[in-house]
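Results of the structural survey
Next come the chains, spelled out residue by residue.
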Amino acid sequence: MAVSPPPAQSLPLTALRAFEAAARLGGFSAAAQELGVTPGAVSAQIKSLEDALQAQLFHRRPKQVTLTALGARVLPEFTAAFDQMNAATRLLREEAQPSTVHIATLPAIAQFWLSPRLPALRAAMPEMVVSVTATEEPPNLKRTPYDLCLFYGGDQGEVIEQDVIFPVCSPALAGQLHKPADLQNVPCLSDAVWAQDWEAWLQAACPGETLHLRGPEYSLYSLAVEEAINGAGVLIGHQALVAPLVDSGRLVAPFAVKASLPRDLRLWSLRPSGPRSPAARVARWLAENS
């Protein structure tokens, strides 16, 4: 009677993925953020992998990990393998859900730029299912299930609109503002993500002058915009986001000076696709209706 040998023990895929992410990103915390787990979970997965291999993959130092020679040698192969597996996963998802497009974008862009266009997009493409995820940083499209990214900055993809900024406030508050120096007498609102906006605009509006502005900071740009509408202070508006509010009169621009920042609102995807693919059709419609 033939005796079958026991199957070879394979290395756990979860642990291999944790190793690759930590090695590529340079740390357990960054890997945990990408994988959606805790740094402790990443550390435990890598430790289990090292135990199974009976070899060390990382040198561990206080607040820092670095690859061993073994880890550095195998990293390129694992990165290529996981890139290929994720590409196959994307293809499977596209084939299974051919009319679904998932967009990742900044929360402020999702609310003020993308959301107002979604009804018209649905009317133009009723067969399309468009999902939107708001995130503070552009995701790595090689490792995430998004089809399109819509963010400020970078050099990828298509320019949708230049980032032009200028102060905005409620009509009632605008009556108190006749020159930039008057900003020192009212609250100047700011957003944590775009904390340098005021400095950039002041350099364009009154170069060489030193103005001492004060006011609260908000972690959400949408909240800062609502407060500006409510008369709480003056906020730097991004033209692509606040133009409808200015056109409707809910916000006004008390000064004529505008500043163009060295970044654009850009839309991109991971790889070229056919002109009739769902992602390409949605991207083309958004570019044409910017």
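In what follows, the structure referred to is the one given above.
1. Let's talk about the pairing of strand β7 (residues 188-191)
- Burial along β7 is two-sided: Cys188 and Ser190 facing one way and Leu189 and Asp191 facing the other are all buried.
- Sheet analysis places β7 next to strand β9 (residues 234-238), joined by 2 bridges and oriented parallel. If you follow leucine 189 over to β9, its bridge partner there is leucine 235.
- Inspection of the sheet shows β7 paired to strand β8 (residues 217-218) by 2 bridges, in the parallel sense.

2. Here we look at empty space enclosed by the protein
- One pass over the structure, following the stated rule, counts 1 cavity of 30 Å³ or more.
- Each pocket or cavity is described by its volume, and for the largest cavity that value is around 30 Å³.
- Around the largest cavity, the lining residues are Leu189, Ser190, Asp191, Trp194, Asp197, Trp198, Tyr221, Leu235 and Ile236.
- Mapped by element, the contributors of at least two residues to the lining of the largest cavity are β7, α8 (197-205) and β9.
- With 3 residues, the top contributor of residues to the lining of the largest cavity is β7.
- Here the residues of the lining of the largest cavity sort into 6 nonpolar, 1 polar and 2 charged.

3. Some thoughts on the sheet that holds strand β4 (residues 129-134)
- Sheet architecture is open: 8 strands sit in the order β4-β3-β5-β10-β6-β9-β7-β8, paired in mixed fashion. Both edges of this open sheet fall to β4 and β8, since each of them pairs with a single strand only.
- Packing against the sheet, helix α9 (residues 221-229) makes contact with β7, β8 and β9, and its axis sits at approximately 125° to β9.
- Running over the sheet, helix α10 (residues 239-248) touches β5 (148-152), β6 (158-168), β9 and β10 (259-269) and is turned about 60° from β6.

4. What to know about helix α4 (residues 69-96)
- Taking 1.5 Å of rise per residue, the 28 residues of α4 would be expected to cover 40 Å, and the 41 Å separating its terminal C-alpha atoms lies within 8% of that figure.
- The largest bend along α4 reaches roughly 40° and is located at leucine 75, with the proline proline 76 sitting one to four residues downstream.
- Contacts made by the buried residues of α4 are with α1 (13-25) and β2 (64-67).

5. A closer look at unusual backbone geometry
- A positive phi angle, near 55°, is found at glutamine 54, a position not held by glycine.
- A positive phi is found at lysine 63, a non-glycine position, where the angle reads about 60°.
- In this structure, lysine 63 sits in the loop between β1 (58-61) and β2.
- Judged by relative accessible area, which is 91%, lysine 63 ranks as exposed.

6. So, the pairing of β5
- Most of β5 sits out of view: 5 of its 5 residues are buried.
- Residues Leu148, Leu150 and Tyr152 of β5 are buried on one face, and the alternating residues Cys149 and Phe151, pointing to the opposite face, are buried as well.
- Of the strand pairs in this sheet, strand β3 (residues 100-105) and β5 are connected by 3 bridges, and their pairing is parallel. What sits directly across from alanine 104, in β5, is cysteine 149.
- As defined by bridge partners, β5 adjoins β10 across 5 bridges and the pair is classed as antiparallel. Across the sheet, leucine 148 pairs through a bridge with serine 269, a residue of β10.

7. Brief notes about the pattern of salt bridges
- Inspection of the entire model under this criterion finds 11 salt bridges.
- For the salt bridge of glutamate 34 with arginine 24, the shortest nitrogen-to-oxygen distance reads 2.6 Å. Of this pair, glutamate 34 sits in helix α2 (residues 28-35) while arginine 24 is found in helix α1, placing the two residues 10 residues apart along the sequence.
- With a shortest N-O distance of 2.9 Å, arginine 143 and aspartate 83 are connected by a salt bridge. Linking arginine 143 in the loop between β4 and β5 with aspartate 83 in helix α4, this pair joins segments that are 60 residues apart in sequence.
- According to the relative accessible area criterion, arginine 143 is buried, its value standing at 13%.
- Within the structure, one salt-bridge network assembled from shared partners comprises Glu20, Arg24, Glu34, Asp83 and Arg143.

8. Quick look at the nonpolar core
- The biggest cluster of nonpolar side chains holds 64 residues, and the ones touching the most others in it are Trp113, Trp201, Tyr221, Leu241 and Val282.
- Counting 18 residues, the second-largest nonpolar core is a separate cluster that includes Phe28, Ile46, Leu49 and Phe82.

9. Section: the layout of surface pockets
- Its volume calculated, the second largest pocket comes out at about 320 Å³.
- Lining the second largest pocket are Arg24, Leu25, Ala30, Gln33, Glu34, Thr135, Glu137, Pro138, Pro139, Asn140, Thr144 and Tyr146.
- Those elements giving two or more residues to the lining of the second largest pocket turn out to be α1 and α2.
- With 3 residues, the single largest contributor to the lining of the second largest pocket is α2.
- Its residues assigned to classes, the lining of the second largest pocket shows 5 nonpolar, 4 polar and 3 charged.

Criteria and cut-off values
Residues numbered from 1 in each chain as written. Predicted model: local features only at pLDDT ≥ 70, side-chain atom pairs only at ≥ 80, totals over all residues. Heavy atoms only, no water. Buried < 20%, exposed > 50% of the residue type's maximum accessible area, 1.4 Å probe, protein only. Helix = DSSP H or I, 4+ residues; strand = E, 2+ residues; numbered from the N terminus. Pairing = 2+ DSSP bridges. 1 Å grid on protein atoms, 1.4 Å probe; cavity = no way out; pocket = protein on both sides within 12 Å on 5 of 7 lines; lining within 4 Å. Points joined across faces, edges and corners; volume = space filled by probe spheres on them. Nonpolar A, V, L, I, M, F, W, Y, C, P; charged D, E, K, R; others polar. Contact = heavy atoms within 4.5 Å. Axes fitted to C-alpha atoms, helices over the stretch in contact; angles between N-to-C directions. Expected span 1.5 Å × (residues − 1). Bend = angle between axes of the 7 residues up to and from the residue. Salt bridge = Lys/Arg side-chain N within 4 Å of Asp/Glu carboxyl O. Core = buried A, V, L, I, M, F, W, Y, C linked by side-chain atoms within 4.5 Å.

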